[in-house]
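These are the residues of each chain, in order.
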Amino acid sequence: MSGFKGIDNLIRENIRNLKPYSSARDEYKGTGGILLDANENPIGSTVDGAYNRYPDPRQRNLKQKFAKLNKVLPANIFIGNGSDEAIDLLFRAFCNPGKDKAVILPPTYGMYKVSASINDVETIEVQLTASFQPDVENILAKANTKTKLLFLCSPNNPTGNAFAEERMQTLLNNFPGIVVVDEAYIDFSEKPSMLRWLDHYPNLVVLQTMSKAWGLAGLRLGLAYANASIIEILNKIKPPYNINSITQKLGLEALGQIDLKKRMVTEILREKSKLEDQIRQFSFVQKVFPSDTNYLLVKLDDPLGLYEFLIKENIVVRDRSRVVLCEGCLRFTVGNPDENEQLITSMNRYPST
Ligand SMILES: *Cc1c(COP(=O)(O)O)cnc(C)c1O
């Protein structure tokens, strides 16, 4: 097993040879003028607001702003209809259906495996260690010319911990395919983003999202940062107008509210630490795992008993009790102060025997 040998060795032949769709807005990039090239409705929209024109297929304004914010170039940024779109496109770009494979590290985010299955790509599962860290030796032992993608979710969903950077670097240095680091929860973590290694590793893809800390889950705005040659491939195969006008407009607006985002993160983290202390007090709680995220993984005597009880109380948490290494666990997203108080009040009424 040896390390990464360039994107040209990984990209699917049909994608390399693909002549991408050229949209009206690709062929004429100017602004203004009489636009009679895209078969749009020239009169207006059937709702309030002007949505009769197609959105910018390259999302130039948004990319400018993300580039500045993260000290990368627009050419290093792909914007997707949620991170889930970027995950799917990575499979389509690099994994030949029925032939190539992806390595995932359970327990982790479920979309990697679903997306792999949709694309008829086999997943090789290398369980995290008991301390929820990547088992580097085992991962590299399973790697070969067919393992095109490796998914590292850091901080990891559902365990809540960030991976040791040294382990991720060893994987970046030795894995023959692309290493995707999913940083959906990075805003809640004290650990730095892997983005600063972008120039150093041509096989690094960093996923981020506006669905969590930025509070825009409903808008669907996910990002992939990588070497320009990887981004070029994703741009080539994405649906031309994948980010709609409202999402582009409000995404841009949100990027002007970094302070508000930071204040919300601070409040969520304060609530998390309060919640952690309170949950730990219950006799039926065995363990609250350390968390670099906006949720807590909690090990319980009778997880399903508490889950059903909370449902009756109108409180919904995530049952992870049947997930490998998470046996006995529920996942609690940190709510607002009111919601957290109601959760604790309810748990106080839960019979401990
Ligand atoms: C929530 C989450 C995402 C976000 O996905 P979007 O499609 O951007 O909403 C990505 N990765 C992980 C691990 C998540 O938990």
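Here, every reference points to the structure presented above.
What counts as what
Residues numbered from 1 in each chain as written. Predicted model: local features only at pLDDT ≥ 70, side-chain atom pairs only at ≥ 80, totals over all residues. Heavy atoms only, no water. Helix = DSSP H or I, 4+ residues; strand = E, 2+ residues; numbered from the N terminus. Contact = heavy atoms within 4.5 Å. Near = heavy atom within 4 Å. Polar contact = N/O pair within 3.5 Å; in protein donor to acceptor, adjacent residues only side chain to side chain. Nonpolar A, V, L, I, M, F, W, Y, C, P; charged D, E, K, R; others polar. Core = buried A, V, L, I, M, F, W, Y, C linked by side-chain atoms within 4.5 Å. Buried < 20%, exposed > 50% of the residue type's maximum accessible area, 1.4 Å probe, protein only. Pairing = 2+ DSSP bridges. Axes fitted to C-alpha atoms, helices over the stretch in contact; angles between N-to-C directions. Parallel < 35°, antiparallel > 145°, perpendicular 65-115°, else oblique. Salt bridge = Lys/Arg side-chain N within 4 Å of Asp/Glu carboxyl O.

We now examine the environment of Ala 116. Examined against the element boundaries, Ala 116 turns out to sit in helix H5 (residues 111-118). Placed 19 residues apart in sequence, Ala 116 and Pro 97 show a C-alpha to C-alpha distance of 9.0 Å. The residues touching Ala 116, leaving out its near neighbours within four places in the chain, are Phe 91, Val 121 and Thr 123.

What follows concerns the site of the ligand. In the vicinity of the ligand lie 13 residues, with Tyr 185, Thr 209, Ser 211, Lys 212 and Arg 220 positioned nearest. Note that an oxygen atom of the ligand is positioned 2.7 Å from one of the side-chain N or O atoms of Ser 83. Here an oxygen atom of the ligand and a side-chain polar atom of Ser 211 are 2.6 Å apart. Its residues assigned to classes, the shell around the ligand comprises 4 nonpolar, 5 polar and 4 charged.

Bringing the nonpolar core into the picture now. Phe 66, Leu 105, Leu 150, Leu 152, Met 210 and Tyr 225 are the most contacted members of the largest nonpolar core, which totals 45 residues. Not counting chain neighbours up to four residues away, the residues in contact with Tyr 225 comprise Phe 66, Asn 70, Val 72, Asn 76, Ile 77, Leu 195, Leu 198, Leu 204, Val 205, Val 206, Gln 208 and Ile 231. Ranked by size, the runner-up nonpolar core spans 33 residues in total, among them Ile 7, Leu 89, Ile 231 and Leu 234.

Moving on, we get to the pairing of strand S11 (residues 329-333). The buried fraction of S11 amounts to 4 of the 5 residues, a majority that puts the element mostly inside the structure. Sheet topology note: the strand S9 (residues 295-300)/S11 ladder contains 5 bridges and is antiparallel. Bridge pairing in S11 links Tyr 295 to Thr 333.

Remark: helix H4 (residues 83-94) packs on helix H8 (residues 228-237), axes separated minimally by 10 Å, with the N-to-C direction vectors making an angle of 100 degrees. When the axis of H4 is compared with that of H8, the two are roughly perpendicular. Judged by residue contacts, Leu 89, Leu 90, Arg 92, Ala 93 and Phe 94 of H4 engage Ile 230, Ile 233, Leu 234 and Ile 237 from H8. Taken together, the residues of the contact of H4 with H8 break down into 8 nonpolar, no polar and 1 charged.

Another point: the pattern of salt bridges. Taken as a whole and assessed by the stated rule, the structure comprises 17 salt bridges. For the salt bridge of Arg 53 with Glu 40, the shortest nitrogen-to-oxygen distance reads 2.5 Å. Of this pair, Arg 53 sits in the loop between helix H2 (24-27) and helix H3 (60-70) while Glu 40 is found in the loop between H2 and H3, placing the two residues 13 residues apart along the sequence. Classification of Arg 53 as partly exposed rests on a relative accessible area of 33%. The closest approach of N and O atoms between Arg 92 and Asp 88, which form a salt bridge, is 2.9 Å. Of the two residues, Arg 92 and Asp 88 both sit in helix H4, 4 residues apart, roughly one turn of that helix. Taken together, the shared-partner salt bridges in this structure form one network comprising Glu 276, Asp 277 and Arg 280.

By themselves, these are just geometric observations and shouldn't be taken as functional.
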